[in-house]
Amino acid sequence: MDILKSNVCSAVVTLKKGEGRTLKAGGSWIYDNEIAKIDGDFQDGNILRVEDFDGYPMGWGFINTKSKIQIRMLTRDADAEMNDSFLYNRVKAAWEYRKAVIDTSSCRVIFGEADFLPGLVIDKYEDVLVVESLALGIDILKERIVEILKEILLEEGIKIRGVYERSDAKVRLKEGMERHKGFIGDEFDTAVQITENGVKFNVDIVNGQKTGFFLDQKGNRMAVQELCRRLSASRENSTSENTEEKAGISVLDCFTHTGSFALNAAVGGASNVEAVDVSDLAIEEAKRNAELNGVLDRMTFTCDDVLNLLPRYVEEGRRYDVVILDPPAFTKSRETIKKAAKGYREINIRGLKLVKSGGYFATCSCSHFMDQELFSEIIAQAAKAAHKKLRQVEFRTQAKDHPILWAGDEVSYYLKFLIFQVLDER
């Protein structure tokens, strides 16, 4: 059965006059208050035609009246045939893009709206797929999409041994859907080991955060690894008699999760890496990953709340060559941006104070609502409060397998990552 074709109904959504501005700018969401009427019979999750107030065809989208985002567009092409070939072409295009831009051994193969499959995420960890479905319409199609992806991969000699679903995010409740996780298809051994940037990681696809691992920081972790490698080489080749300058590189990695940035620093040559996280389970996994990479002897692990730890370390006069801040999103809505800005400012002040003059500071925000301009302003304020001068090394975003869609897209651009050299005011 062609599940996409069978899910198309004859109903038509008409927008209010002057509404649909985000859609017309290239976005894919239509909110409930933008809709004038819905003519015809439908069920939530169906695919239907969308028209502007004057009858101009806008394309095809999923409907869900239980959600504030009532329509999620599949295509702006009103003449597109909604059938299995349409799905195949979407999935094939997503995979071809990844092959062109990134190492695909472990990567995000489908990134929702940015791959024109709204509400769907599929991550590939070696020979395992992890699926996250966040919208009703795509939920109906997810198993067929997985089948198509497995077929495409098999054509290239990549056999997927198992698929696990991690649709357990709270946002599903806003869609009128239950949170769910479990196997899609046959059960399999969920122990997965991946290699990224030459660093090995055990990935917990069942209980780890999100789909098990933060693939979006891949390039940023490599940037930290390369920085530590260059700093370590410079120290080793130094002819200075200064004991501190001849010492190894010290690194503080805050919100380390399972050790991703810390391990890249250690593999890069840092000789004293401290990894901090509030979760004892994450810290234990970070230790196992350190052992896996043969760098346990160069690392220490601290289970503590970073927000409490940083002020203590400042008070104790600790200083590091490299400090990394990779906090969780402090805001997930526009309404809490002001409070989040204060939180980001405070941790960045504390983090900057822990960097030796001439050392390096990596900081990021993974909140979509904390835009680049505001985040940069917060970092500047933090530097002023900490009496530090910043020299920008580089500005980065999310990994290439998390593409940023330039077209009024609502969700694809979220990660901002900055590396600075930090200098005492002089």
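I will try to describe carefully the structure that is included in this document.

What counts and what doesn't
- Residues numbered from 1 in each chain as written.
- Predicted model: local features only at pLDDT ≥ 70, side-chain atom pairs only at ≥ 80, totals over all residues.
- Heavy atoms only, no water.
- Helix = DSSP H or I, 4+ residues; strand = E, 2+ residues; numbered from the N terminus.
- Rg over C-alpha atoms; globule rule 2.2 N^0.38 Å.
- Buried < 20%, exposed > 50% of the residue type's maximum accessible area, 1.4 Å probe, protein only.
- Contact = heavy atoms within 4.5 Å.
- Lys, Arg positive; Asp, Glu negative; His and termini not counted.
- Charge placed at Lys NZ, Arg CZ, Asp CG, Glu CD.
- Pairing = 2+ DSSP bridges.
- Axes fitted to C-alpha atoms, helices over the stretch in contact; angles between N-to-C directions.
- Salt bridge = Lys/Arg side-chain N within 4 Å of Asp/Glu carboxyl O.
- 1 Å grid on protein atoms, 1.4 Å probe; cavity = no way out; pocket = protein on both sides within 12 Å on 5 of 7 lines; lining within 4 Å.
- Points joined across faces, edges and corners; volume = space filled by probe spheres on them.
- Nonpolar A, V, L, I, M, F, W, Y, C, P; charged D, E, K, R; others polar.
- Right-handed = clockwise from strand over helix to strand, strands pointing away.

## Considering the overall build of the chain
Piece 1. Each helix and strand in the chain was counted, giving twelve helices and 20 strands.
Piece 2. Its C-alpha atoms give the chain a radius of gyration of 24 Å, near enough to 22 Å, the size a compact globule of 426 residues would have.
Piece 3. Principal-axis analysis of the C-alpha atoms places the extent of the chain at approximately 80 × 45 × 35 Å.
Piece 4. Here the chain, with 426 residues, has 53% of them falling under the buried criterion.
Piece 5. Relative to all contacts within the chain whose residues are 6 or more apart in sequence, the contacts with residues 24 or more apart total 64%.
Piece 6. Within the chain, one finds 59 positive and 68 negative side-chain charges whose respective centroids are separated by 5 Å.

## So, unusual backbone geometry
Piece 1. Notably, Lys210 is not glycine yet its phi reads approximately 55°, a positive angle.
Piece 2. Among the residues examined, Lys210 registers a relative accessible area of 51% and is labelled exposed.
Piece 3. Of note, the phi angle at His387 is positive, near 60°, even though the residue is not glycine.
Piece 4. Looking at the secondary structure, you find His387 in the loop between helix 12 (372-385) and strand 19 (388-396).

## Section: the sheet that holds strand 18 (residues 355-365)
Piece 1. Strand order in the open sheet formed by seven strands is 16-15-14-17-18-20-19, and the pairing between neighbours is mixed. Every interior strand has two partners, whereas the edge strands, strand 16 (299-303) and strand 19, have only one. Strand-to-strand twist in this sheet, taken as the mean axis angle between neighbours without regard to direction, amounts to 15°.
Piece 2. Sheet topology note: the strand 18/strand 20 (residues 416-424) ladder contains seven bridges and is antiparallel. From the neighbouring strand, Ala362 faces strand 20, where its bridge partner is Ile419.
Piece 3. Along the sheet, helix 10 (residues 306-316) makes contact with strand 14 (250-254), strand 15 (272-277), strand 16 and strand 17 (320-325), crossing strand 14 at roughly 150°.

## Re the sheet that holds strand 1 (residues 8-15)
Piece 1. In spatial order, the strands read 2-6-5-4-1-3; together these six strands make up an open sheet with mixed pairing. If you trace the sheet from one side to the other, it starts and ends with strand 2 (29-31) and strand 3 (35-39), each paired once. Taking the axes of each pair of neighbouring strands and ignoring which way they run, one obtains an average angle of 35° across the sheet.

## Some thoughts on the pattern of salt bridges
Piece 1. For the structure shown, the criterion picks out 31 salt bridges.
Piece 2. Here Arg161 and Asp127 are joined by a salt bridge, their closest N and O atoms 3.0 Å apart. Of this pair, Arg161 sits in the loop between helix 4 (136-155) and strand 10 (162-167) while Asp127 sits in the loop between strand 8 (120-125) and strand 9 (128-133); the two residues are 34 residues apart in sequence, bridging distant segments of the chain.
Piece 3. Here Asp304 ties to Arg312 by a salt bridge, and the two come within 2.6 Å at their closest N and O atoms.
Piece 4. A relative accessible area of 38% places Arg312 in the partly exposed class.
Piece 5. Each of Asp84, Arg144, Glu147 and Glu151 takes part in a single network of salt bridges with overlapping partners.

## Quick notes on empty space enclosed by the protein
Piece 1. Per the stated rule, a full pass over the model turns up one cavity of 30 Å³ or more.
Piece 2. Taken as a whole, the largest cavity holds about 60 Å³ of empty space.
Piece 3. Taken together, Phe62, Ile63, Asn64, Ile69, Gln70, Arg72, Ala135, Leu136, Gly137 and Glu175 make up the lining of the largest cavity.
Piece 4. At three residues, the largest contribution of residues to the lining of the largest cavity is made by strand 6 (residues 69-75).
Piece 5. Along the lines of polarity and charge, the residues of the lining of the largest cavity split into five nonpolar, three polar and two charged.

## Some details on the pairing of strand 16
Piece 1. For strand 15 and strand 16, the ladder comprises five bridges, and the chain directions are parallel. The partner of Val273 across the bridge, within strand 16, is Met299.
Piece 2. With helix 9 (residues 280-292) bridging strand 15 and its parallel neighbour strand 16, the resulting β-α-β unit is right-handed.

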